[in-house]
Amino acid sequence: MNNLTIVMYHYVRDLNNSRYPNLKGLDISLFKEQINYMRNHYHIISMEEVIYSIDNQVKIPEKSALLTFDDGYSDQYNYVFPILDKYKLQGSFFIPSKAITEHSVLDVNKVHFILASVEDKLTLVADLKDLLRKYKKEYKLEDFNFYYKKLAKPSKLDTKDVIFIKRLLQVELVEELRIIIIDNLFKKYIGISENAFSRELYMNEEQLKHMLRSGQHIGSHGHNHYWWNSLNREKMAQELDLSIIFLEKLGVDMNNWTACYPYGSY
């Protein structure tokens, strides 16, 4: 197998005309430019071609690219799918099944939209300081400064305050407390029912089936969108089992099912 370029997308939307223009996503106009560039300079291949090349030790074309889309957002159906369908290209869409089947909003997405709703991130840092103080005794927490010093490390993509907020609410605290704090901030800054927000944010099963019938690839992104390297064997099996049941219900070819690890953790 030759080298394969995998291009990973999440939010692809008409950002300027959305309710959350500050969401960290890709504007649809730039997505169109990228697709045109890749059509001219790469050989965009399907997931089935990748699987076949691995199973049969067959080389893929030089400068091959695979297009992937995580989290099952409705924007991917409304904006991405028509473009791929127009050019007869395949994308691989990795779906966290709980968001679709239970009409809940993944914690990671709640954090994204909270961040997009609050311009001054120090406001959120102050909220978290108050909430950590509130639950310190009940959950045997360290002082706020302990967590801030440990987690507030800037990256290429985010400031130290954004990284602190994400890491604290995605992985550092125990799940029960993370849910309590995230829901508190979601109600404060979003103010929309979770059920309604979920139905607007994610694709539904019929849309996924439509894409599947049209030649798109649908794969697993777990059920709860957990960090897989944080799960014990029993919870990991449950994540996969629930996700597999969902893929079977959609009509995915389970002889060649695929998974994309949430957060890249495994």
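A brief report on the enclosed structure follows.

About the thresholds
- Residues numbered from 1 in each chain as written.
- Predicted model: local features only at pLDDT ≥ 70, side-chain atom pairs only at ≥ 80, totals over all residues.
- Heavy atoms only, no water.
- Helix = DSSP H or I, 4+ residues; strand = E, 2+ residues; numbered from the N terminus.
- Expected span 1.5 Å × (residues − 1).
- Buried < 20%, exposed > 50% of the residue type's maximum accessible area, 1.4 Å probe, protein only.
- Contact = heavy atoms within 4.5 Å.
- Phe/Tyr/Trp six-rings, centres within 6.5 Å; stacked < 30°, edge-to-face > 60°.
- Lys NZ or Arg CZ within 6 Å of the ring centre and 35° of its normal.
- Polar contact = N/O pair within 3.5 Å; in protein donor to acceptor, adjacent residues only side chain to side chain.
- Axes fitted to C-alpha atoms, helices over the stretch in contact; angles between N-to-C directions.
- Parallel < 35°, antiparallel > 145°, perpendicular 65-115°, else oblique.
- Left-handed = near helix turned anticlockwise from the far one by under 90°.
- Arc of directions from axis to C-beta.

Across its 19 residues, helix α6 (residues 121–139) extends 25 Å between first and last C-alpha, which sits within 8% of the 27 Å expected from 1.5 Å per residue. Looking only at α6, the buried set comprises Leu-124, Val-125, Asp-127, Leu-128, Leu-131, Leu-132, Tyr-135 and Tyr-139. Once α6 finishes, Lys-140 follows within two positions and takes phi at roughly 55°, a positive value.

Turning to the environment of Leu-106, a few remarks are in order. On the secondary structure map, Leu-106 appears in the loop between α4 (97–101) and α5 (107–117). You can call Leu-106 buried: its relative accessible area is 4%. In the structure, Leu-106 is positioned 35 residues away from Asp-71 in sequence and 9.2 Å away in space, judged by C-alpha atoms. Those residues in contact with Leu-106 that lie beyond four places of it in its chain are Pro-96, Ala-99, Tyr-202, Asn-224 and His-225.

This next bit is on the packing of aromatic side chains. Describing an aromatic ring pair means giving the distance of the ring centres and the angle of the ring planes. On inspection of all chains with the given rule, the structure shows 20 aromatic pairs. With a centroid separation of 6.3 Å and an interplanar angle of 75°, the aromatic rings of Tyr-20 and Phe-197 are classed as edge-to-face. Separated by 177 residues along the polypeptide, Tyr-20 in the loop between β2 (12–13) and β3 (26–27) and Phe-197 in helix α10 (residues 194–201) bring together distant segments of the chain. Residue Tyr-20 is classed as buried on the basis of its relative accessible area, which comes to 10%. On the numbers, 4.8 Å between centres and 15° between planes, the contact of Phe-69 with Phe-93 is stacked. With Phe-69 in strand β5 (residues 64–70) and Phe-93 in strand β6 (residues 91–95), this residue pair connects regions lying 24 residues apart in the sequence. Owing to a relative accessible area of 0%, Phe-69 belongs among the buried residues under this scheme. For Phe-93, a relative accessible area of 0% puts it in the buried group. Through pairs of rings, three or more aromatic residues link up here, namely Tyr-11, Tyr-20, Tyr-73, Phe-113, Phe-186, Phe-197 and Tyr-202. The positively charged end of Arg-39 is found above the aromatic ring belonging to Tyr-87, 3.8 Å away from the centroid. Taking NZ or CZ as reference, Lys-110 lies 5.5 Å from the ring centre of Phe-186, over its face.

On to the side chain of Ser-265, then. Looking at where Ser-265 falls in the secondary structure, it is placed in the segment after α12 (233–250). Among the polar contacts made by the side chain of Ser-265, one reaches the main-chain amide nitrogen of Trp-228 at a distance of 2.8 Å. For Ser-265, the residues in contact, after removing those within four places along its chain, are Trp-227, Trp-228 and Asn-229.

The contact between α5 and helix α8 (residues 160–172) brings their axes to 10 Å, and the two run at 155°. On the basis of their axis angle, the class for α5 and α8 is roughly antiparallel. The way α5 lies across α8 gives a crossing that is right-handed. Contacts between α5 and α8 involve Val-108, Val-111 and Leu-115 on the former and, on the latter, Val-162, Ile-165, Lys-166, Leu-169 and Gln-170.

Glancing now at unusual backbone geometry. Most peptide bonds adopt trans geometry, and most residues besides glycine take a negative phi value. One non-glycine residue, Lys-63, lies in positive phi territory at about 55°. Inspection of the secondary structure assignment puts Lys-63 in the loop between α2 (47–56) and β5. The partly exposed category is assigned to Lys-63, whose relative accessible area is 47%. Positive phi, normally seen in glycine, also occurs at Asp-71, with a value near 90°. Structurally, the position occupied by Asp-71 is in the loop between β5 and α3 (74–86).

For α10, the set of buried residues is Phe-197, Ser-198 and Leu-201. One face of α10 carries all of its buried residues, which in axial projection span an arc of 100°. On its buried side, α10 packs onto β2, α3, α4, α5 and α9 (175–189).

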